[in-house]
Amino acid sequence: MSGYRATPATNAREAAEWSTRRVFANNLRAIVGRAYPRIIGLTREPSWIFFEILLPFLAVSAFVFVYRALEAPEEYIGFVVLGGAVTAFWLNVVWMMAAQFYWEKDQGNLELYFTAPMHLMSILAGMAIGGLVMTSSRALAVIGIGSLLFGVTYDVREPFLLAAVFLLTMIPLYGLGMLFASLFLLWGREAFHLAQLLQEPIYFLGGVNFPLRALGAVSGFVAAVLPLAVGLDAMRQLAFSGAETNGLLPVGTEMLILGAMAVVFLVGARYALAYLEHLARREGRLTLRWQ
Amino acid sequence: MPAESAIHARGLSRVYKAKPQPVTALGGVDLDVEPGEFFGLLGPNGAGKTTLIKILTTLLLPTSGTAKVAGFDVVTETAKIRRVINMVSGGEQSGYGLLTTREQLWMFSQFYGLPTREGWRRVDELIEITGLTEQRDQKVRTLSTGQRQKLNFARGMLNDPWVLFLDEPTLGLDVGAARDLREHTLAWRAAAPGRTVLLTTHYMVEAEQLCDRIAIVDRGMVLALGTPEELRRRVQAESIFRIELDRLPDDGLATLAALPGVLSAVPADLDGSDGAGADRVALKVALADDSALTSVVTAVAERGAHLVGLAKSEPSLEDVFVELVGRGFGDQGSDS
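Residues numbered from 1 in each chain as written. Chains lettered and ligands numbered in written order. Predicted model: local features only at pLDDT ≥ 70, side-chain atom pairs only at ≥ 80, totals over all residues.

What to know about the overall build of chain B
And step 1. Each helix and strand counted, chain B has 11 helices and 14 strands in total.
And step 2. By its C-alpha atoms, chain B is 75 × 50 × 45 Å across when sized along the principal axes.
And step 3. A buried classification covers 46% of the 336 residues belonging to chain B.
And step 4. Pairs at least 24 apart in sequence give 71% of the contacts found in chain B among residues at least 6 apart. (Helix = DSSP H or I, 4+ residues; strand = E, 2+ residues; numbered from the N terminus. Buried ≥ 20, exposed ≤ 12 C-beta atoms within 10 Å, placed from the backbone. Contact = placed C-beta atoms within 7 Å.)

A word on the overall build of chain A
And step 1. Scanning chain A for helices and strands turns up 13 helices and 0 strands.
And step 2. Traced from its N-terminal end to its C-terminal end, chain A shows the element sequence α-α-α-α-α-α-α-α-α-α-α-α-α.
And step 3. Against the compact-globule benchmark of 19 Å for 291 residues, chain A has a radius of gyration of 21 Å, which places it among compact chains.
And step 4. For chain A, the spread of C-alpha atoms along the three principal axes comes to 75 × 40 × 35 Å.
And step 5. When each of the 291 residues of chain A is scored for burial, the buried share is 47%. (Rg over C-alpha atoms; globule rule 2.2 N^0.38 Å.)

Brief notes about the interface of chain B and chain A
And step 1. On the chain A side, the residues contacting the 45 residues of chain B number 40 residues.
And step 2. When contributions to the side of chain B that touches chain A are tallied by element, the ones reaching two or more residues are helix H2 (78-84), strand E6 (85-89), helix H3 (101-111), helix H4 (116-129) and helix H6 (175-191) of chain B.
And step 3. Residue classes in the side of chain B that touches chain A are distributed as 27 nonpolar, 10 polar and 8 charged. (Nonpolar A, V, L, I, M, F, W, Y, C, P; charged D, E, K, R; others polar.)

Examining the sheet that holds E6 of chain B
All names here are of chain B.
And step 1. Pairing in this open sheet of 6 strands is mixed, and the strands run E6-E7-E8-E3-E9-E10 from one edge to the other. Both edges of this open sheet fall to E6 and strand E10 (221-226), since each of them pairs with a single strand only. Across this sheet, the average inter-strand angle for adjacent strands is 15°, counted without regard to direction.
And step 2. Sheet topology places strand E3 (residues 38-42) next to strand E9 (residues 213-218); 4 bridges connect them, and they run parallel. When the sheet's bridge partners are listed, Leu41 is paired in E9 with Ala215.
And step 3. Lying on the sheet, helix H8 (residues 228-235) is in contact with E9 and E10; it crosses E10 at an angle near 110°. (Pairing = 2+ DSSP bridges. Axes fitted to C-alpha atoms, helices over the stretch in contact; angles between N-to-C directions.)

Overview of helix H5 (residues 100-107) of chain A
Since there are 3.6 residues in each turn of an α-helix, residues three or four apart along the chain are aligned in direction.
And step 1. Buried within H5 of chain A we find Gln100, Phe101, Tyr102, Glu104 and Lys105 of chain A.
And step 2. Backbone geometry just downstream of H5 of chain A places Gly108 of chain A in the positive-phi region, at approximately 90°.

A short note on the pairing of E10 of chain B
And step 1. Where E9 of chain B lies against E10 of chain B, 5 bridges are found, and the strand directions are antiparallel. Bridge assignment links Asp218 of chain B to a residue of E10 of chain B, and that residue is Met221 of chain B.

Some words on the domain arrangement of chain B
And step 1. Each assigned domain of chain B is listed here: domain 1 (7-233) and domain 2 (237-313).
And step 2. Between the C-alpha centres of domain 1 of chain B and domain 2 of chain B there is a distance of 45 Å. (Domains from an automatic or database assignment.)

A short note on the sheet that holds strand E4 (residues 64-69) of chain B
The pairing of strands in a sheet comes from backbone hydrogen bonds and takes either a parallel or an antiparallel form.
Residue and element names in this part refer to chain B.
And step 1. Pairing is antiparallel across the open sheet formed by 4 strands, whose spatial order is E2-E1-E4-E5. Because the sheet does not close on itself, it has two edges, and the strands there are strand E2 (23-33) and strand E5 (72-73).
And step 2. The pairing of E4 with E5 spans 2 bridges and is antiparallel. Bridge pairing in E5 links Lys68 to Asp73.

A few points about the packing of helix H7 (residues 120-150) of chain A against helix H13 (residues 251-283) of chain A
All names here are of chain A.
And step 1. Where H7 meets H13, the closest approach of the two axes is 10 Å, and the angle between their N-to-C directions is 125°. Taken together, the axis directions place H7 and H13 in an arrangement best described as oblique. Pair H7 / H13 crosses with right-handed handedness. Across the interface between the two elements, Leu120, Met121 and Leu124 of H7 pack against Ala269, Arg270, Leu273 and Glu277 of H13.
And step 2. Taken together, the residues of the contact of H7 with H13 sort by class into 5 nonpolar, no polar and 2 charged. (Parallel < 35°, antiparallel > 145°, perpendicular 65-115°, else oblique. Left-handed = near helix turned anticlockwise from the far one by under 90°.)

Following this line, the structure appears as C-alpha cells:
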C-alpha cells in the first residue's frame, strides 16, 4: 500500500512551500493536461469529420457557386474557402472556449479546477491550445478539400509572414474565447443563447464569405474589435494574388491591430477570471454545480 | 509549542443570500482537527456539512469567523492550501468521458504538477490499489457508478494530500463498493501517517467505522463533538449488559441488584417473552462502570446459575443524534 504515498515533505506546511520554478512547472503541466483531452479527442470521435468538415463545407460550396454564377474574380473562390477554414476556429472559440466553463460547472470539473494548485488561466490556455491543434486539422481539411474541388490557386510569396499572421490571429481570437469563458459563466443559463448570438452575426461581420472591405463604413469598427475579421483580411492579402486591392488595411497595420487585441483580450481574460473567482467564492454559486 | 491543527475554525459562519430571507448555512462553528486525525461531520441534509467543506477547500468565503487548513488562512492563503488538499465528493462526474481511466487520472495529475513520467507511474499505482486494473484502458463514460467513484478516489490521492476532504464519498454506492472505498481510505491513512481526513456523511456506520472523532452538526451548528464512545456516553452514562443464564439465580435478582457497582438488574426480553424462556433467562443489568461485571458473573455462578450469553448494549450514534436533535435523519431539506 506504499503506493498511496508520493510526496517527500514531512509536514503540510513544508509541502505547501513551492519554489517559483515549481509553480511555473505546475502551470505548464496544467496547460498540457487540459489540452490533452481535446487533442486526443481527434482520434476518439470520428463523427467530427462529418459534422465539422462536410456539413460546413456545404455552406462554403453554396457561396462558391454563387460567385461562379456571378462571374466574380477567381480569388473570391479562395476567399470563401479560406473563410470556411477560419470559421472552424471561430466555432471552436464560441462553443469550446466561451461556453466551456459553463459546461465544466455542470460536470463538476470547475470546482476541482478551483481547488487544484494551478492558475485557472492555465486551464484556459490548455483549452485554447488543445482547441487550436484540434481545429487546425479541421481547417486544413477544409482548405485541402476546397482547393482540390474548386481549383483554388494560391499565390503565397511570404509563407513565413502568412504563418505569423495566422498565429497572430489565433492569439487574440482564443484570448477573446478565454475572456468570454468567464463572462459566459457569469451569465449562467444565457450562455447557450449567447453562443448562438455570436455565431451567425460574426459570420457576417467577420467577412467570412466576402472581402471585409465590402462592409463599407462598418468594416472599420469590425476591424477594431474582431480578430477573426482582421486576421482573415490579412491572410487573404498574403495568400492570393491581387488581394491587396481588396484588403481593408495594409498587412503591417493589421498585424499591429492583432497584437494590440491579443494584449487587451488576454489581460481582460485574466481580470475577468479573477473577478469570477472572487464572485464565485463570495456568492457561493458559479462553482457549485447544483446552484 | 503545540502542534498546529490540520483544520482550525473559530466562529465560522456562512449566510447565503436567498428570498424571502437569507439562509444561515453555518452559524458560528468552532472546530479543531489534529494532524493525522480521521474526523467525521455527521448530520442530515441541510446541516451545513457541505458548506463547511466548501469553505475549507477555498471554494467559498465565510461570512464571518476564521478558518485555517494546514495553518493557512482560507481567505488569504488559498494557493498554499490548494497545494496540500484534495477533495472527493459522492456522485462526482468529473473529467471527460472520452478519456480512458488511465488518461483521466494522468490529466488530473498534471493539474497538481506531477512530472510526466512520475504522473504515469503514480496513476498506474493508484489504478492497481483501487482495483481498476481491468478498466485502465476503458473510457470513463463506460464505467459503472462504483468504478467511477473508485476513479474519483484515485484522483483524490494523486497529490498524496495532507488534508483530504471526503464529501459523502459513498453516496449512491452499493454495499460492496462502499466497503471497498472505506477500506481504501483506511489503507491510505495507514500508509500515510500525518494525513488528515475530514469526512462528511449521514451514514452512521461509516462515521463509526472510520472516524477517530465525530462532530454532530445540525442547522449549521456543532451540537456535540467527541470520539464515538464519548458521544454514546453522552446519552448513556451507565454500562448496560444483557446477560443470558440457564436459570435464575437461587435467590432471584435482589442479590445481584445489591452488589457494589450494580445500579439495577431486571428481566429482559428473550425470544419475545419477558425474560423467561424454556431453558434460559435474560437479564438487563445496569452497572456504574464495566469493572462491576466481574462481581456480577461471580455472584451468578455462586448461586447455581450458568452464564449462557453476555453482550454489552450500547446506544448507536443515531440514538445520540436523536437525543441531541430531537428527531431522526430523514426529514430535512436539501443541503446548501
